[in-house]
Amino acid sequence: MLAQGAGLPVVVIGGGFGGASCARALRKADPRIAVTLVEANATYTALPHSNAVIGGLVELSHQRFSYDRIKSAGVNVALSAATAVDPEKRVVTLADGTKLNYERLVVSPGIDFRSGAIQGYDRAAMDVMPPAYNDGAEVALLRRQLEAMEDGGTVVIASPVNPARCPPAPYERASLIAHYLKTKKPKSKVIVLDAKESFTMQKLFEAAWQELYPGLIEWVGLSQGGALTSIDVTAKTLATDFDKYQAAVANVIPPQQAGRVAELAGVADRTGWCPVDPVTFASKLQPNIHVIGDAAIAGAMPRSASAAHSQARICAAAIAAQLAGKPLAAPTLTSSCYSLIAPDYAISQKGTYRPVDDQYTEADGGAVISAQDAPRERRKAEADEANDWFRTITGEVFG
Ligand SMILES: Cc1cc2nc3c(=O)[nH]c(=O)nc-3n(C[C@H](O)[C@H](O)[C@H](O)COP(=O)(O)OP(=O)(O)OC[C@H]3O[C@@H](n4cnc5c(N)ncnc54)[C@H](O)[C@@H]3O)c2cc1C
């Protein structure tokens, strides 16, 4: 057993936007709680704004955060992967053999990819056609591939079915890759193969593509044969039911599920995601375990860093109140998602959510989406707001 410090032991698995935020909030809510954050990597690479790295607008170093400030805030940080959870004995085992006791466990492992969903797409294929959806090294690889591509090449992005992490991200990525191609490799183009019939903020994206990147981005929806069925890594081809596409660079984003440790802890159901109580984020499948962030089923809330951070604070407050025998307050959560289409052009979707009939529902008249006919100054202001949002959230969670 690791020395977890004096006080009631709470273990948090996953040091991303959900887990790191929750660990800090727990410590702040009640310093008598001994919080241990378990994280597989010593450095966290934030995915929001990583499309700007792929498009060559910012450096990857801008996305990287250490756990030093979290340690200084009084959180015990164990840098090792959690490999087993025993819900009956309330013990988490780490890859280095360490065992951690818990009174409460918070699971925030983000996403993993469903294996076998695309024929031929295995671990080796990921090194050639990276998802760049939960791994900073893959973001850097995709950027290098674009830089090495000859002018005239086709970049193919395969976008997955929902539910998935950050629904607008594949289209933001297509936009920022198009921005790079337009300025550096103008004979090239982007094709988005989509497993969906439509996508979030579609009219806004398509109007922006028309205005900024005419003829550069082609979107192929489900009924036009957009669903990827198989890939050939050696030939660099991607096949759908209708057609075969030759890629110079391919970004395959497979269908998703909660991070694997959720399955190990017994908190994922047959959908691969984790059902939770919306007031406390307590698992509906295992006692004394809470699930937050992308892994949790949170109704209308999108899977975003913003939502994970908001859920983390609600979950921490609920755990602290329960351990202290205090009543729980009814939660209100928020999420804001900005999509950058060019350095000076962004759109967004913002929402407030409350639990209704055991599930999160959009409150206050639904999500607020950027106006279709907003002037360019507004798009520029949203791009500035997106940068402010990133600085604020990473400062609150890791700074
Ligand atoms: C391209 C892209 C753009 C995005 N843009 C935005 C945006 O503009 N705004 C926004 O709000 N959101 C955005 N997101 C979504 C955002 O990144 C996620 O919703 C958010 O990171 C979810 O937080 P999380 O804590 O659930 O998971 P993560 O942040 O992924 O954290 C999970 C952590 O758990 C660790 N982990 C997993 N398993 C284990 C284990 N067994 N043991 C130890 N550690 C483990 C991982 O190493 C990781 O550090 C974007 C995502 C992508 C891919």
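Residues numbered from 1 in each chain as written. Predicted model: local features only at pLDDT ≥ 70, side-chain atom pairs only at ≥ 80, totals over all residues. Heavy atoms only, no water.

K.L.:
How do you make sense of the sheet that holds strand β20 (residues 289–291) when you look at a structure like this?
P.N.:
Read from one edge of the open sheet, 5 strands run β5-β2-β1-β9-β20, paired in parallel fashion. The sheet is open, and its two edges are formed by β5 (76–79) and β20, each paired on a single side. Taking each pair of neighbouring strands and ignoring which way they run, the sheet shows an average axis angle of 20°. Relative to the sheet, helix α1 (residues 17–29) contacts β1 (8–13), β2 (33–39) and β9 (104–107), its axis offset from that of β2 by approximately 165°. Taken strand by strand, helix α9 (residues 305–323) contacts β1, β2, β9 and β20, and its axis lies near 175° from that of β9. (Pairing = 2+ DSSP bridges. Helix = DSSP H or I, 4+ residues; strand = E, 2+ residues; numbered from the N terminus. Axes fitted to C-alpha atoms, helices over the stretch in contact; angles between N-to-C directions. Contact = heavy atoms within 4.5 Å.)

K.L.:
Is there a simple way to explain the sheet that holds strand β17 (residues 249–252) in this structure?
P.N.:
Within a sheet, adjacent strands bond to each other through the backbone by hydrogen bonds, running parallel or antiparallel. The sheet built from 4 strands is open, its strands ordered β13-β12-β11-β17 with parallel pairing. What marks the edges here is a single partner per strand, and that holds for β13 (217–220) and β17. Adjacent strand axes in the sheet meet at a mean angle of 15°, parallel and antiparallel pairs treated alike. Pairing of strand β12 (residues 189–194) with β13, which is carried by 4 bridges, proceeds in the parallel orientation. From the neighbouring strand, valine 192 faces β13, where its bridge partner is tryptophan 219. Helix α5 (residues 136–148) contacts β11 (154–159) and β17 of the sheet and is inclined by roughly 155° relative to β17.

K.L.:
I'm lost on the site of the ligand in this one. Help?
P.N.:
Lining the immediate environment of the ligand, one finds 39 residues, of which Gly18, Glu39, Tyr44, Arg165 and Asp294 sit closest. At 2.8 Å, a backbone N or O of glycine 18 approaches an oxygen atom of the ligand. Contacts to the ligand include serine 304, whose backbone N or O atom sits 3.4 Å from an oxygen atom. Considering the ligand on its own, with 1,000 Å² of exposed area, one finds that the protein chains cover 92% of that surface. Among the elements of the structure, α1, β2, α2 (50–54), α6 (169–184), α9 and β22 (333–342) are those that each provide at least two residues to the shell around the ligand. Residues that form the shell around the ligand fall into these classes: 19 nonpolar, 15 polar and 5 charged. (Near = heavy atom within 4 Å. Polar contact = N/O pair within 3.5 Å; in protein donor to acceptor, adjacent residues only side chain to side chain. Areas by Shrake-Rupley, 256 points an atom, 1.4 Å probe, with all protein chains shown as cover. Nonpolar A, V, L, I, M, F, W, Y, C, P; charged D, E, K, R; others polar.)

K.L.:
Help me understand the packing of aromatic side chains in this model?
P.N.:
If you walk through the whole model with that rule in mind, you get 13 aromatic pairs. Considering the side-chain rings of phenylalanine 199 and phenylalanine 205, the 6.0 Å spacing of their centres and the 55° angle between planes classify their relative orientation as tilted. The class of phenylalanine 205 is buried, set by a relative accessible area of 0%. An angle of 50° between the planes, with centres 6.0 Å apart, marks the rings of phenylalanine 205 and tryptophan 209 as tilted. With phenylalanine 205 and tryptophan 209 both in helix α7 (residues 202–212), this residue pair falls 4 residues apart, about one helical turn. Each member of the pair phenylalanine 205 and tryptophan 209 is classed as buried. Through successive ring pairs, a cluster of aromatic residues spans Phe17, Tyr44, Phe65, Tyr67, Phe390 and Phe398. The positively charged end of arginine 143 is found above the aromatic ring belonging to tyrosine 180, 4.3 Å away from the centroid. (Phe/Tyr/Trp six-rings, centres within 6.5 Å; stacked < 30°, edge-to-face > 60°. Buried < 20%, exposed > 50% of the residue type's maximum accessible area, 1.4 Å probe, protein only. Lys NZ or Arg CZ within 6 Å of the ring centre and 35° of its normal.)

K.L.:
When you look at the pairing of β11 in this model, what are you seeing that I'm missing?
P.N.:
Each regular strand displays side chains that alternate between the two surfaces of the sheet. A large share of β11 lies buried, amounting to 6 of its 6 residues. Neither face of β11 is exposed, since Thr154, Val156 and Ala158 on one face and Val155, Ile157 and Ser159 on the opposite face are all buried. Both β11 and β12 contribute to a ladder of 6 bridges, which runs parallel. Its bridge partner being in β12, valine 156 is matched across the sheet by isoleucine 191. In this region the chain leaves β11, passes through α6 and returns to the parallel neighbour β12; the handedness of that crossover is right-handed. By the bridge criterion, 4 bridges tie β11 to β17 in an arrangement that is parallel. Bridge pairing in β17 places valine 155 opposite valine 249. (Right-handed = clockwise from strand over helix to strand, strands pointing away.)

Read these as geometric descriptors, not functional statements.
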